[in-house]
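Residues per chain, in single letters:
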Amino acid sequence: MFEKGRDEIVKPGGSETIVGASVKLKGNLRSDGDILIEGVVTGDLKTKGSVRVGENANVIANVKAENVAVSGSVQGNVEVKDRLEISSTGRVLGDISANVLSIAPGAVFTGKCMMPESPRDESAQPTPEIEEVEVANEK
Amino acid sequence: MYYYIVNPAAGGSKINKIQDKLKSRLRALGIMGEFVKSTGPDDVAKLTRMGIEKGYKTIVAVGGDGTINEVLNETIGNDKVVLGIIPTGTTNDLADALGIRGWYAATGILASRKVEEIDLGRVAGRYFITSVAIGFDAEFSGIKRLANGNILERAMFGTKLLSKSASFRPIKAKLKFDGNYEVEADSFSIIVSNSKFFPLPFVKTAPKDNLLDTVVITKIPGYKMLRYGYLSDASSIELPKISVFHSETIEIETKKPKEVAVDGQIVTETPVKIKMADKKLKVIVARKRKF
């Protein structure tokens, strides 16, 4: 199930940015499409699409994307609009936030996790619970 | 009226074999015009200028990517002129992208006259239409024409390809994209594409997206270099060896100066700055094409 989820997150094709193995990228990578990382990325990563971090990849950056699948190493905060998956070989050292979170057995995660709830109506007053009690008639 | 600029050296002098049939076909389609032949370096540019001065609105490059590049660098900026192509060269990447496969099909496409505006790139003071290459693709561009020659030339091509594959060393390159990020790689080949389509499912080029697509192929084994050079086949190269980036500008530096091929011709050397041009090119295309 986890493997199927990973494939759904990042499908090859389209205007995809690919950082191949043995390639080092440094700086602010901005994209409208998907990003696949097999090499080393240092800096800051932001995209409207999905990010996949390959098993041998090393990312030392904050990541912000629609979906993220981590099978390698990420040192930085990961902010995901929809789905974050950390596979059994994945390591995330940093804070994460996502709408849907999946961490496989064997994954390593060290940091804070935020999963936003649905927005509440702040103006509503709490309704006290009223317990009905039977009172015996006293003569 | 049509103005045909013929590069007789393109594609191992392919035009010599097809010239009569070509003219006959053009006549039958009602698009016969003036034929001129280049006789040396810079001649294609000179002939293009002459055609524009004579008032021709359709200038047809009869040759490969190199010939097209020389024609477009003279026609660009003239909104009234449309480029046509009859592919007879060693590399016909642009014709392929535009859906123009072979000289015979090209004549029908010229007659139907579907015109599109496509992006251009700019490097070393020149416009380019398909790609800029550094590394194996650039060094190989000089011997590729031998592949279409006579038996002796084809034998020479095989020998040179073997020798190049055995001796080629990856190039240490630094690439800067839009001033935002830098990439370092030991590269087998770097191809900055505007409209060169790669036979790789994860590399999607679009000649109208206002972006350059940079493909970096890192070190590959000798036998894959041979296959790549002989068949122009990149499909055997696995994904981890390939990187793809999209940007409007790229600056490329190498440890030592390396040759830079622009639309298949060596034009300059590194370091080099490549960017999207602010002008577009009007070109006759096929209805079925890659974009």
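Data block above holds the structure.
Throughout, a residue's number is its position along its own chain's written sequence, starting from 1. Lettering for chains starts from A, numbering for ligands starts from 1, and both go in the order in which the items are written. Only residues with pLDDT of at least 70 are given local features in this predicted model, and only at 80 or more are side-chain atom pairs given and counted; all residues enter the totals for whole chains, interfaces and linings. Side-chain figures throughout are based on the complete set of non-hydrogen atoms in the structure, without hydrogens or water.

Draft legend 1. Spatial organisation of the interface of chain B and chain A. A contact between two residues is defined here by any heavy atoms of the two lying within 4.5 Å. Counting residues at the interface gives 17 residues for chain B, matched by 19 residues for chain A. Salt bridges, as used here, are contacts in which a Lys or Arg side-chain nitrogen is within 4 Å of a carboxyl oxygen on Asp or Glu. Here chain B and chain A share 0 salt bridges between them. Side-chain atoms alone can form a polar contact between residues adjacent in sequence; in general such a contact is a pair of N or O atoms within 3.5 Å, and within protein one must be able to donate a hydrogen while the other accepts it. Here chain B is connected to chain A by 7 residue pairs in polar contact (both at pLDDT 80 or more). Helix and strand definitions here come from DSSP, where helices need a minimum of 4 consecutive H or I residues and strands a minimum of 2 consecutive E residues; each element is numbered from the N-terminal end. Among the secondary structure elements, those contributing two or more residues to the side of chain B that touches chain A are β9 (181-193) and β11 (242-247) of chain B. Within the side of chain B that touches chain A, the residues separate by chemical class into 10 nonpolar, 4 polar and 3 charged. Any residue that is not Ala, Val, Leu, Ile, Met, Phe, Trp, Tyr, Cys, Pro, Asp, Glu, Lys or Arg is counted as polar, Gly included; the first ten are nonpolar and the last four charged.

Draft legend 2. Just the packing of aromatic side chains, in detail. All names here are of chain B. Aromatic rings from Phe, Tyr and Trp, taking only the six-membered ring of Trp, are treated as a pair when their centres fall within 6.5 Å; an angle between ring planes under 30 degrees marks them as stacked, one over 60 as edge-to-face, and anything in between as tilted. All told, the structure shown has 10 aromatic pairs over all chains when counted by the stated rule. Between Y2 and Y4, the ring centres sit 6.2 Å apart and the planes meet at 20°, which makes this aromatic pair stacked. Like Y2, the residue Y4 is buried in the burial classification. With a centroid separation of 4.8 Å and 20° between ring planes, the pair formed by Y4 and F35 is classed as stacked. Taken together, the residues span a long stretch of sequence, with Y4 in strand β1 (residues 2-6) and F35 in strand β2 (residues 34-37) at a distance of 31 residues. Given a relative accessible area of 0%, Y4 falls into the buried group. Here the aromatic residues Y2, Y4 and F35 are joined through ring pairs into a cluster of three or more. We count a charge as sitting over a ring when the NZ of a lysine or the CZ of an arginine lies within 6 Å of the ring centre and within 35 degrees of the ring normal. One cation-aromatic arrangement involves K23 over F35; the distance from NZ or CZ to the ring centre is 4.8 Å. Throughout, exposure labels follow a simple rule: accessible area from a 1.4 Å probe, protein chains only, divided by the maximum for the residue type, with under 20% read as buried, over 50% as exposed, and the rest as partly exposed.

Draft legend 3. Just helix α5 (residues 103-112) of chain B, in detail. Residue and element names in this part refer to chain B. Along α5, the residues classified as buried are W103, A106, T107, I109 and L110. The arc enclosing the buried residues of α5, seen along the axis, measures out at 165°, which places them on a common side. Taken from the residues just after α5, R113 is the one with a positive phi, measuring 50°. Of all possible arcs, the one meant is that of the directions from the helix axis to the C-beta atoms.

Draft legend 4. Structural context of the pattern of salt bridges. Residues and elements named next belong to chain A. Applying the stated rule across the entire model yields 12 salt bridges over all chains. For K48, the salt bridge is made with D32, and the minimal N-O distance between the two is 3.6 Å. With a gap of 16 residues between them, K48 in the loop between β4 (40-47) and β5 (50-53) and D32 in the loop between β2 (24-31) and β3 (35-37) connect regions that are remote in the sequence.

Read these as spatial facts, not as claims about activity.
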